[in-house]
Amino acid sequence: MSGTGHHCDNRTGSPERPFPVSDDELERALRETLTRRVATSRPLPADPAGEILRRARRRGRRRTLTGLALAGVATVFITTGVAQFSASGVDGGTPTVVLGDPPVLFPSPEPSGPSSITRFGPVRTELDLLVGDRLDTSGGERRQLPGVSGVERAQRIHDQEGWLLTSAATVAGRTLWWAPVGGAAPQVMLAAADAVAVSADGRQVAWRDGPDVIAAGVVAGQLIAPVRTAAPDGAVPVGFAGDSVLIQHSGDGGMSVWDRALGGQPGPVNPDVRAVYGTRPDGRVVALVAAGRDQQRCLALLDPARDLAPVRTGCGLKLATDGLGAVSSDGRWLLANGTSRTALLVDLADPASPVTHPAGPVLAAGVAWTRGGVALHVDASGGLVRVKPERVLAGDRPTASKVEGLAPEDHPVVVADVPTVPDGA
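Figured I'd write up the structure that's included with this text. The shown structure was predicted, so the numbers you read here are calculated from the model rather than taken from an experiment.

This part covers the nonpolar core. Soluble, globular proteins show a tendency: their nonpolar side chains are buried together. Tyr277, Val286, Leu299, Leu319, Leu334, Val346 and Leu348 are the most contacted members of the largest nonpolar core, which totals 14 residues. Look past the residues within four positions of Val346 in its chain and what remains in contact with it is Leu299, Leu317, Leu319, Arg332, Trp333, Leu334, Pro354, Val355 and Thr356.

This is the structure in structure tokens:
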């Protein structure tokens, strides 16, 4: 291209267009071109346009290229690489996962459609909050999630790859959605599952499907390297300890550990385990167990490498048997329901002699801890409860705050964040 003028551009009779083109216009044109060039019956496991733009930006930073150079790089990638992206997965075989740079958020300059992202000012919670099909992020974004309903649990994914949303149990089973960053519509990852468990970092998922328990990794909304094992009737995955799946057996049948990396069958059942609250940074599981001849409810640290054998046990706690609760990311605190119509903050500094403190309204669903050590949960009225350990120790009793824009049929869900040191890292 030279600076010589022409009567019309692109050899057409249309009015002459200006040469200056913004980066946003080039990106939109590039994505539209790729959309037309790449015809596939299933979602691509990678974003070719995003990959092209990321590489162009890196090259632009090194060479201070202009927007025209971005278009030139894109043209080369289109002519040489589109066939590789479009060919992936068209035969219905195992999807190819392209590993590369972390996904980058490219907000659309002209949001449109029900899944667009808007800014609405600062959110008053330290974590994301899901209200119906609306996601309010801690960064101040409000986003509609078309097709998502009845969510019971929500989890951030490592490296900001989006969110995993698990529905409540229905007659048709449970549904797991992946909501990617950037405003794209959520995708169904699992449907009609009997039970779904997500690891604390969002990198692994386990579910019950018919007679089997299946576990797989999660990369860019794809379930990869699935492994299955036969499980007794009523046994369901309830969580992870590192790369191992925690399987709860029906009734008071106890709990077992399945190392999905090794395959095979789950280990022996520990019949005393009633519920798990999470893991500490050392990998040990914090659980509610039945101890002694009188089956007293106690708090225990269990070793997943030894079939959940108890390492330390502390009794005398008045914990509810509903299993609702979670451990802080540093392993110091447990917030769980007590038997006296109140939540309890449990100090795990000495697990053999844990100390409890009344901590406000009972949990109506799961609880999520921030990286700063604050617990958030929703009470029976749909109010948001913030529990700060230092304030509870000082004698304060947390109360519920009203969530703005809450419809009568909606129940807020606090989105769990990725711990500073993810399980299995």
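So much for the structure itself; the text now carries on.
Here we have four strands laid out as an open sheet, ordered E20-E21-E22-E23, and antiparallel in their pairing. Unpaired on one side and paired on the other, strand E20 (325-327) and strand E23 (355-358) mark the two borders of the sheet. Within this sheet the neighbouring strands show an average axis-to-axis angle of 20°, counted without direction. Sheet topology note: the strand E22 (residues 343-347)/E23 ladder contains four bridges and is antiparallel. Each residue of the ladder has a partner; that of Asp347, found in E23, is Val355.

Within the structure shown, the criterion is met by one disulfide. Across the disulfide from Cys298 sits Cys315; the S-S distance is 1.9 Å. Here Cys298 and Cys315 share a disulfide; its torsion about the S-S bond, 100°, makes the bridge right-handed. In this pair, Cys298 sits in strand E18 (residues 296-303) while Cys315 sits in the loop between strand E19 (309-314) and E20, placing the two residues 17 residues apart along the sequence. Owing to a relative accessible area of 39%, Cys315 belongs among the partly exposed residues under this scheme.

Moving on, we get to the packing of aromatic side chains. The way to describe two aromatic rings as a pair is by their centre distance and the angle between their planes. Across all of its chains, the model carries zero aromatic pairs by this definition. A cation sits over an aromatic face here: Arg332 above Trp333, 4.7 Å from the ring centre.

What follows is about the pattern of salt bridges. According to the stated counting rule, one finds 14 salt bridges in the structure shown. A salt bridge links Asp201 to Arg203; its shortest N-O distance comes to 2.8 Å. We classify Arg203 as partly exposed; its relative accessible area is 29%. Several salt bridges converge on common partners, so that one network encompasses Arg134, Asp136 and Arg142.

A large share of E18 lies buried, amounting to six of its eight residues. The turn joining strand E17 (residues 285-291) and E18, which pair antiparallel and follow one another in sequence, is formed by four residues; a positive phi near 75° is taken by Gly292. The sheet contact formed by E18 and E19 spans five bridges and is antiparallel. Bridge pairing in E19 places Asp303 opposite Ala309.

To continue, consider the sheet that holds strand E25 (residues 375-378). What the four strands build is an open sheet, ordered E24-E25-E26-E27; its pairing is antiparallel. For this open sheet the edge positions go to strand E24 (367-369) and strand E27 (400-401), each flanked by a neighbour on one side alone. Relative to E27, strand E26 (residues 384-387) runs antiparallel, the two sharing two bridges. Residue pairing in the sheet places Leu384 in a bridge with Ser401 of E27.

Counting buried positions along strand E15 (residues 255-259) yields four of five residues, so the element is predominantly enclosed. Examined bridge by bridge, strand E14 (residues 244-248) and E15 share five bridges and lie antiparallel to one another. Bridge pairing links Val245 to Trp258 in E15. The hairpin turn running from E14 into E15, its antiparallel successor, is six residues long, and Gly251 in that turn takes a positive phi close to 60°.

Within the element layout of this structure, Arg312 appears in strand E19. Each C-alpha atom, one on Arg312 and one on Leu301, is 5.3 Å from the other, the two residues being eleven residues apart in sequence. Once residues lying within four places of it in the same chain are set aside, the contact partners of Arg312 are Leu299, Ala300, Leu301, Asp350, Pro351 and Ala352.

Quick notes on the rules
- Residues numbered from 1 in each chain as written.
- Predicted model: local features only at pLDDT ≥ 70, side-chain atom pairs only at ≥ 80, totals over all residues.
- Heavy atoms only, no water.
- Core = buried A, V, L, I, M, F, W, Y, C linked by side-chain atoms within 4.5 Å.
- Buried < 20%, exposed > 50% of the residue type's maximum accessible area, 1.4 Å probe, protein only.
- Contact = heavy atoms within 4.5 Å.
- Pairing = 2+ DSSP bridges.
- Helix = DSSP H or I, 4+ residues; strand = E, 2+ residues; numbered from the N terminus.
- Axes fitted to C-alpha atoms, helices over the stretch in contact; angles between N-to-C directions.
- Disulfide = S-S within 2.5 Å.
- Phe/Tyr/Trp six-rings, centres within 6.5 Å; stacked < 30°, edge-to-face > 60°.
- Lys NZ or Arg CZ within 6 Å of the ring centre and 35° of its normal.
- Salt bridge = Lys/Arg side-chain N within 4 Å of Asp/Glu carboxyl O.

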